[in-house]
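Results of the structural survey
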Amino acid sequence: MTANPRKAVRAAELILWAWTAWVTGLGIYQSGTSVQSTEKLITDHLPMTMPFNPEALQMVVIAGYIVTAGFLAWMVLKIGEGKGWARTSLALNFAFDAFSTAMPPYHGISGLLMAVADLGPQAVAAYLLYTPPGRLSFQ
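Since this is a predicted model, take the numbers as computed values, not measurements.

A look at the overall build of the protein
Check the secondary structure of the protein and you find four helices and zero strands. The order of α-helices and β-strands along the protein, N terminus first, is α-α-α-α. Of all 139 residues assigned to the protein, the portion counted as buried reaches 27%. For the protein, the share of sequence-separated contacts (at least 6 apart) that also reach a separation of at least 24 residues comes to 75%. Total accessible area computed for the protein in this model is approximately 8900 Å², and 71% of it derives from carbon and sulfur atoms.

Laid out in structure tokens, this is it:
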């Protein structure tokens, strides 16, 4: 009995939906912290060079996460439709994420846990999409 390629792709889709929600939610949640650190950096190192509105910057960061989530959702839908270019885009994104995560500076155990939570679902989804039976949906 052969495994069902559609089930493997559907499992990968579900993993990617959860990953997209997690990345987006965490990014929006952390946007307040990142804006505060950016504000401190600007006021400490670039005094009086430009006006700075932290609330506006935070809204831009949140909007960026929402646009990214929309793009990722579109990619997941295209993967579900069996589009090979979408599957390749996922693999390239995973490779870039893995490469950039391996580069210094390292952020201790919390950074490592975040990297695992980010890279893990992408790795599992790529595995499901590039190995039999999932790969058969893209031929």
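Further notes follow.
Section: the layout of surface pockets
Size it by volume and the largest pocket reaches roughly 610 Å³. Along the walls of the largest pocket sit 19 residues, with T101, H107, G111, M114 and A115 positioned nearest its centre. Among the secondary structure elements, those contributing two or more residues to the lining of the largest pocket are α1 (5–45), α3 (84–102) and α4 (108–130). Counting residues per element, the lining of the largest pocket draws most heavily on α4, at six residues. A breakdown of the residues in the lining of the largest pocket according to their chemical character gives 10 nonpolar, seven polar and two charged.

A closer look at a nonpolar patch on the surface
A cluster of nonpolar side chains, namely I109, L112, L113 and V116, defines an oily patch on the protein surface of about 410 Å² accessible area. For L112, the location among the structural elements is in helix α4.

A look at the packing of α3 against α4
Where α3 meets α4, the axes come as close as 10 Å, and the angle between the chain directions of the two elements is 145°. Crossing handedness for the pair α3 and α4: left-handed. From α3, R87, T88, L90, A91, N93, F94, D97, A98 and T101 reach across to α4, where they touch A115, D118, L119, Q122, A123, A125, A126, L129 and Y130.

Quick look at unusual backbone geometry
The peptide bond linking P132 to P133 adopts the cis configuration, its omega dihedral lying at 10°. By the secondary structure assignment, P133 is in the segment after α4.

Here is what the cut-offs are and how they apply
Residues numbered from 1 in each chain as written. Predicted model: local features only at pLDDT ≥ 70, side-chain atom pairs only at ≥ 80, totals over all residues. Heavy atoms only, no water. Helix = DSSP H or I, 4+ residues; strand = E, 2+ residues; numbered from the N terminus. Buried < 20%, exposed > 50% of the residue type's maximum accessible area, 1.4 Å probe, protein only. Contact = heavy atoms within 4.5 Å. Areas by Shrake-Rupley, 256 points an atom, 1.4 Å probe, with all protein chains shown as cover. 1 Å grid on protein atoms, 1.4 Å probe; cavity = no way out; pocket = protein on both sides within 12 Å on 5 of 7 lines; lining within 4 Å. Points joined across faces, edges and corners; volume = space filled by probe spheres on them. Nonpolar A, V, L, I, M, F, W, Y, C, P; charged D, E, K, R; others polar. Patch = residues over 30% accessible without salt bridge, like charges linked within 9 Å, V, L, I, M, F, W, Y side chains within 5 Å. Salt bridge = Lys/Arg side-chain N within 4 Å of Asp/Glu carboxyl O. Axes fitted to C-alpha atoms, helices over the stretch in contact; angles between N-to-C directions. Left-handed = near helix turned anticlockwise from the far one by under 90°.

Structural measurements only, silent on function.
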